[in-house]
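# Chains, contacts and geometry: an overview
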Amino acid sequence: MSQSNDQERWTTVDRYLTDLLAPADEALTAALADSTAAGLPEIAVAPNQGKLLHLLVAAQGARNVLEIGTLGGYSTIWLARALPADGRLITLEYSPEHADVARANIARAGLEKIVEVRTGAALDTLPLLEQEEAGPFDFVFIDADKVNNPHYVSWALKLSRPGTLIVVDNVVRNGRVATADPDDAAITGTREMFELVAREPRLDATAVQTVGTKGYDGLLLARVVS
């Protein structure tokens, strides 16, 4: 079967699962539509992936969540909806234009009281969170530039506690992560992240490959054990 036929089948199954288990509502649909209208890249998580993040936050009993990479706030909405009324989510976005779109989407979803969007390079804003003693975070979702994945995971660990769950998106890279590619900084950064996690005794981790509307990729899940 050709790659195009594979993608068609994955998308069909994703739509079936999403329609039954993660149907869109007005706020989620509008968040994607407004992000597209504003020219943001169409790289938000798929609806069933958003629902997975939601369920992980809920199962974790998280009250304090950190997201690295906001884009238009679609994943932010899924994450924040799993928090209690007095919960908190801080999301970090490099682009001021993207952050403005995200803030509007988050406000439309009625989540502006528990979500704070911070703008700037995450490697500049993460140390500020440490200085402010904003952590420990119960759940961290990383979905930003892949070059800095090892740095983001290191910071997530600094801002965590035993029991924190760290999830990193886009770690399989259409299968290319299995082969070193010095010409692809995203592959290099992702492989360095895996090597860091593998040798870090405070993390217990696994990764899973995924297929769906977003193609062939995968997730890393790591639990802080000490």
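The structure contained in this document is the topic of the report that follows. Just so we're clear, the structure is a prediction, and the values are computed from it rather than from any experiment.

Counting 35 residues, the largest nonpolar core has Val57, Leu111, Val115, Phe139 and Val167 as the members making the most contacts within it. Sorting elements by how many residues they give to this core places helix α4 (residues 74-80) first, with five residues. Apart from the residues lying within four places of it in its own chain, the contact partners of Val57 are Ala62, Val65, Leu79, Ala82, Leu83 and Phe139.

What follows concerns the sheet that holds strand β5 (residues 165-169). Whenever strands of a sheet pair, they do so through backbone hydrogen bonds, lying parallel or antiparallel. What the seven strands build is an open sheet, ordered β3-β2-β1-β4-β5-β7-β6; its pairing is mixed. Two strands lie at the open edges of the sheet, namely β3 (115-119) and β6 (203-212), each paired on one side alone. In this sheet, neighbouring strand axes are inclined to one another by 15° on average, regardless of whether the strands run parallel or antiparallel. Here five bridges tie β5 to strand β7 (residues 215-224), and the two strands are oriented antiparallel to one another.

Most of the time, phi is negative for any residue but glycine, and the peptide bond is trans. Going from Gly135 to Pro136, the amide bond is cis rather than trans, its omega being 0°. Despite not being glycine, Glu133 has its phi angle at roughly 55°, a positive value. For Glu133, a relative accessible area of 68% translates into the label exposed. At Asn170, a position not held by glycine, the phi torsion is positive, near 60°.

Here is what the cut-offs are and how they apply
In every chain, residue numbers begin from 1 and rise along the written sequence. Two thresholds apply to this predicted model, a pLDDT of at least 70 for residue-level local features and 80 or more for giving and counting side-chain atom pairs, whereas whole-chain, interface and lining totals are computed over all residues. To get the side-chain values, take all heavy atoms of the structure and skip hydrogens and water. Nonpolar cores were defined as sets of buried Ala, Val, Leu, Ile, Met, Phe, Trp, Tyr and Cys residues, with membership established by side-chain atoms within 4.5 Å. Under the scheme applied here, a residue whose accessible area is under 20% of the maximum for its type counts as buried, over 50% as exposed, and between as partly exposed, the area being computed with a 1.4 Å probe on protein chains only. Numbering of helices and strands runs from the N terminus; a helix is a DSSP stretch of H or I covering at least four residues, while a strand is a stretch of E covering at least two. Whether two residues are in contact is decided by their heavy atoms, any of which lying within 4.5 Å being enough. Two strands qualify as a pair provided that DSSP identifies no fewer than 2 bridges between them. Between N-to-C directions, angles cover 0 to 180 degrees, with each direction set by a line fitted to C-alpha atoms, over the stretch in contact for helices.

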